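Read off the chains here:
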Amino acid sequence: VGSSPARTACIAGVGESAYLPRAEVPFVHLQLDAIDAALDDAGLTPADVQAIHTESLVMPSLLSTDKLIALGRFGNVRAATYHSAYGAGIGQAVVAAAAAIEAGQVDTALVYFGVDFGSRPGAVYALHGVHPLKRDLEFTQGFVGQPAYFAMFARRYAHRYGMSIDELRGALCEIAVRTRANATLNKKALRTTVLTPRDYHRARVIADPLGLLDCSPITDGAAAIVLTTAERAADSPHHPVEILGAGYGQSLLDESGVFTQNPDYPRLPFVRDSADRAFAAADLTRSDVDLAQIYDCFTISMLLQLEDMGLCEPGEGPAFVAGDSIRVGSALPVNTHGGLLSQAYLMGINHLVEAVHQLRGVAGAAQVHDAEIALVGLLSAREHTTLLLGRER
Amino acid sequence: MTGSPPLPGEVVDAMRALGSATALHLVPLGPHFDGAARGRIVLPWCAGCGSAHWYPALRCPRCCESGWVWRDVGTEAQLDTWTVVHHALAPALREHVPFTVGLLVPVNAPTVRIVSALGVPAAARLSIGQAMTARPGPEVDGGRLLVFTAAATDRR
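Just so it is clear, the structure is predicted and the values come from calculations on it, not from any experiment.

The rules behind these values
- Residues numbered from 1 in each chain as written.
- Chains lettered and ligands numbered in written order.
- Predicted model: local features only at pLDDT ≥ 70, side-chain atom pairs only at ≥ 80, totals over all residues.
- Heavy atoms only, no water.
- Helix = DSSP H or I, 4+ residues; strand = E, 2+ residues; numbered from the N terminus.
- Rg over C-alpha atoms; globule rule 2.2 N^0.38 Å.
- Buried < 20%, exposed > 50% of the residue type's maximum accessible area, 1.4 Å probe, protein only.
- Areas by Shrake-Rupley, 256 points an atom, 1.4 Å probe, with all protein chains shown as cover.
- Lys, Arg positive; Asp, Glu negative; His and termini not counted.
- Charge placed at Lys NZ, Arg CZ, Asp CG, Glu CD.
- Salt bridge = Lys/Arg side-chain N within 4 Å of Asp/Glu carboxyl O.
- Core = buried A, V, L, I, M, F, W, Y, C linked by side-chain atoms within 4.5 Å.
- Contact = heavy atoms within 4.5 Å.
- Buried area = accessible area lost by both parts, 1.4 Å probe.
- Polar contact = N/O pair within 3.5 Å; in protein donor to acceptor, adjacent residues only side chain to side chain.
- Nonpolar A, V, L, I, M, F, W, Y, C, P; charged D, E, K, R; others polar.
- 1 Å grid on protein atoms, 1.4 Å probe; cavity = no way out; pocket = protein on both sides within 12 Å on 5 of 7 lines; lining within 4 Å.
- Points joined across faces, edges and corners; volume = space filled by probe spheres on them.
- Phe/Tyr/Trp six-rings, centres within 6.5 Å; stacked < 30°, edge-to-face > 60°.
- Lys NZ or Arg CZ within 6 Å of the ring centre and 35° of its normal.

Looking at this structure, I do not really get the overall build of chain B. What am I missing?
When helices and strands are tallied, chain B shows two helices and seven strands. Seen in sequence order, chain B has helices and strands lined up from the N terminus as α-α-β-β-β-β-β-β-β. Here the C-alpha atoms of chain B give a radius of gyration of 16 Å, agreeing with the 15 Å that 2.2 N^0.38 yields for 156 residues. Its C-alpha atoms give chain B principal-axis dimensions of roughly 45 × 40 × 25 Å. With 156 residues in all, chain B has 52% of them scored as buried. Of the roughly 6,800 Å² that chain B leaves accessible, carbon and sulfur atoms contribute 51%. A gap of 7 Å separates the mean positions of the 13 positive and 11 negative side-chain charges of chain B.

Set out below in structure tokens:
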């Protein structure tokens, strides 16, 4: 982006910890495992890292940048920065790391993120208790937990597009079953049993109309991404991956109101902004994309984003997922690692890792033939980041 | 179809305790809770652009004004969406699932959605657009929640 080709920022390394329903070791071990793996993958050492970037709502209390640096391995860091929240924030961390490299401020940056929701009291559900409006006007009404939020989205979606709940669940079933089929090709996935429509429809109800298999598994785990200059990445063991374009969108509502007060409920207009900006920045069209990794905390959230990211028209998501899509080997494979739904609920950093694996051609049984351009969509409560990644030429 | 709110006071208190005890509201909710005690929907309207805004923010997201006027918009609302929660997503809910919670759009403030536990059986047949009526709910932290139940005639 305006820098010399040698300074173009590339993803040179990715690493993951074990993904577990509940870790038996403190979280820091998972995160360090992932960071070590990413640095190894890039052929770099902790001493090469000059900047650290992470997300701003989960990580400060889980493993802050200062604690990470104080572990004594990152003595050459000259900038440590938090970005926006959850999935979108992970994407913003990558974007900012790349920008600083291309601006010549640093040569190598580390992005890290992980979750301890499997071990944390209250899991992920109590995260929003920091907001007094949610505490006093929602928790007190029994409206707590992301499954309840997205269940309401799902029912409103069905109504808006003239579908019965059974028809909607048929479409969500397609997403769950096909995503699981992809997960069976991925050794790190937590859910690898082949899923049939019968299994889906027999799963217990969590928050009607969403059942257990519409929801991601609560997870402990961590991942990390190393970025460096194209010049430096040329010496890395693996083919570098370039950021072709990035976009960000946000709601004017804060996290208290965004799940209920969006004027276009249940649509996510900031997702469209994010995707349009990324495609414009990359000078690419939707038809250029070889595979997509889309934030799928729930089946319905993937359905909404397929539409709001412009991969199909609003209301056409059910037809889109019923056609030749999602599954590895289809026209547009989505969440080739099994996604949050079947691989692990890592809030999307695992989507970035998988996109890199695909573009390197090392995704194993899930490899998409001739994958050159990957679309990554990362959702948060009120924000969205889209990244278009490409195999560096 | 009418009924009591499905969450008793001690559960409401336990649910509130899940949140941060020290987090303060930027705009005090007293007028809303006072209205709830009378079974009335009372909402903040921006003094600048005249739009209802829920939840109240420090400044109006539409025009950035910071003054709010609280208005009573009656008792009637329409059901915008709902879920029947079967899995307790918080420990205090374990003895109370399944229960129904919905979003209500006040007839006289159609840009607003209010979260409410619905005083209906979990197996009740509900429909989007169904008429609902506000009534006083459980006490919480010195105020009272507003809850909604199906209006006298249940549309099926």
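How do you make sense of unusual backbone geometry when you look at a structure like this?
Backbone phi values are negative for most residues with the exception of glycine, while trans is the configuration of most peptide bonds. The step from B:W54 to B:Y55 runs through a cis peptide bond, and the omega angle for that step is 10°. Take B:Y55: it is sitting in the loop between strand 1 (42-46) and strand 2 (68-72). B:P98 follows B:V97 through a cis peptide bond whose omega is -5°. Phi is positive for A:I326, which is not a glycine, with a value near 75°.

I tried to follow the pattern of salt bridges on my own but got confused; where do I start?
A side chain of one charge can pair with a side chain of the opposite charge when the charged atoms of the two come close. Residue and element names in this part refer to chain A. Here the structure, examined in full by the defined rule, presents 21 salt bridges over all chains. For R135, the salt bridge goes to D136, with nearest N and O atoms at 3.0 Å. The class for R135 is buried, based on a relative accessible area of 2%. For D136, a relative accessible area of 5% puts it in the buried group.

For this particular structure, what's the right way to read the nonpolar core?
Across soluble globular proteins, you tend to see nonpolar side chains buried next to one another. Ranked by internal contacts, the top residues of the largest apolar core, which has 184 residues, are A:L227, A:I300, A:M347, A:L389 and B:F148. Looking at which element gives the most residues to this core, the answer is helix 6 (residues 146-160) of chain A, with nine residues. Ignoring any residue separated from it by four or fewer positions in sequence, one finds A:L389 in contact with A:I11, A:V241, A:E242, A:I243, A:L244, A:L352, A:A355, A:L359, A:E372, A:I373, A:A374 and A:V376.

Would you mind showing me how to read the interface of chain A and chain B here?
By a widely used convention, the size of an interface equals the accessible area lost when the partners come together. In this assembly, 37 residues from chain A lie in contact with 46 residues from chain B. With both sides pooled, the region where chain A packs onto chain B buries about 3,600 Å², and carbon together with sulfur makes up 62% of that total. Taken together, the connections running from chain A to chain B amount to two salt bridges. Note that A:D136 and B:R16 form a salt bridge whose closest N and O atoms lie 2.5 Å from each other. Counting across the interface, chain A meets chain B through 19 residue pairs in polar contact (both at pLDDT 80 or more). Within the residue set of the side of chain A that touches chain B, elements represented by two or more residues are helix 5 (132-137), helix 6 and strand 5 (205-208) of chain A. Examining the composition of the side of chain A that touches chain B, we find that seven residues originate from one element, helix 6 of chain A, more than from any other. Among the residues making up the side of chain A that touches chain B, the classes are represented as 19 nonpolar, 11 polar and seven charged.

Looking at this structure, I do not really get the layout of surface pockets. What am I missing?
Rolling a probe over the atoms, with the probe sized like a water molecule, indicates the empty space that remains. All names here are of chain A. Estimated volume of the largest pocket: approximately 440 Å³. Counting residues per element, the lining of the largest pocket draws most heavily on helix 6, which supplies four residues. For the lining of the largest pocket, the per-class residue count stands at 23 nonpolar, six polar and two charged.

Sorry, what's going on with the environment of A:Q261 here?
Within the secondary structure layout, A:Q261 lies in the loop between strand 8 (241-250) and helix 10 (269-282). With relative accessibility at 4%, the residue A:Q261 sits in the buried group. Here A:Q261 is in contact with A:L253, B:W54, B:Y55, B:T111, B:V112 and B:R113, once residues within four sequence places are set aside.

Would you take a moment to explain the packing of aromatic side chains for this structure?
Each pair of aromatic rings is reported with the distance of its centres and the angle of its planes. All told, the structure shown has nine aromatic pairs over all chains when counted by the stated rule. Taking 6.1 Å as the distance between ring centres and 75° as the angle between the ring planes, the aromatic pair formed by A:F150 and A:F259 counts as edge-to-face. Of the two residues, A:F150 sits in helix 6 while A:F259 sits in the loop between strand 8 and helix 10, which places them 109 residues apart along the sequence. With respect to burial, A:F150 and A:F259 carry one shared label: buried. Among the aromatic residues, those joined into a ring-pair cluster are A:F143, A:Y149, A:F150, A:F153, A:F259, A:Y265 and A:F298. Its guanidinium or amino end placed over the ring of B:W45, B:R71 lies 4.7 Å from that ring's centre, counting from NZ or CZ.

Would you mind going over empty space enclosed by the protein with me for this structure?
Applying the stated criterion across every chain, the model contains two cavities of 30 Å³ or more. Approximately 60 Å³ is the volume attributed to the largest cavity. The set of elements that each furnish at least two residues to the lining of the largest cavity consists of helix 2 (30-37), strand 5 (114-117) and strand 7 (143-150) of chain B. Along the lines of polarity and charge, the residues of the lining of the largest cavity split into eight nonpolar, two polar and no charged. Lining the second largest cavity, in full, are A:A176, A:T179, A:R180, A:R191, A:L195, A:L213, A:L341 and A:S342. Elements with a minimum of two residues in the lining of the second largest cavity: helix 7 (165-183) and helix 13 (339-342) of chain A. Partitioning the lining of the second largest cavity into residue classes produces four nonpolar, two polar and two charged.

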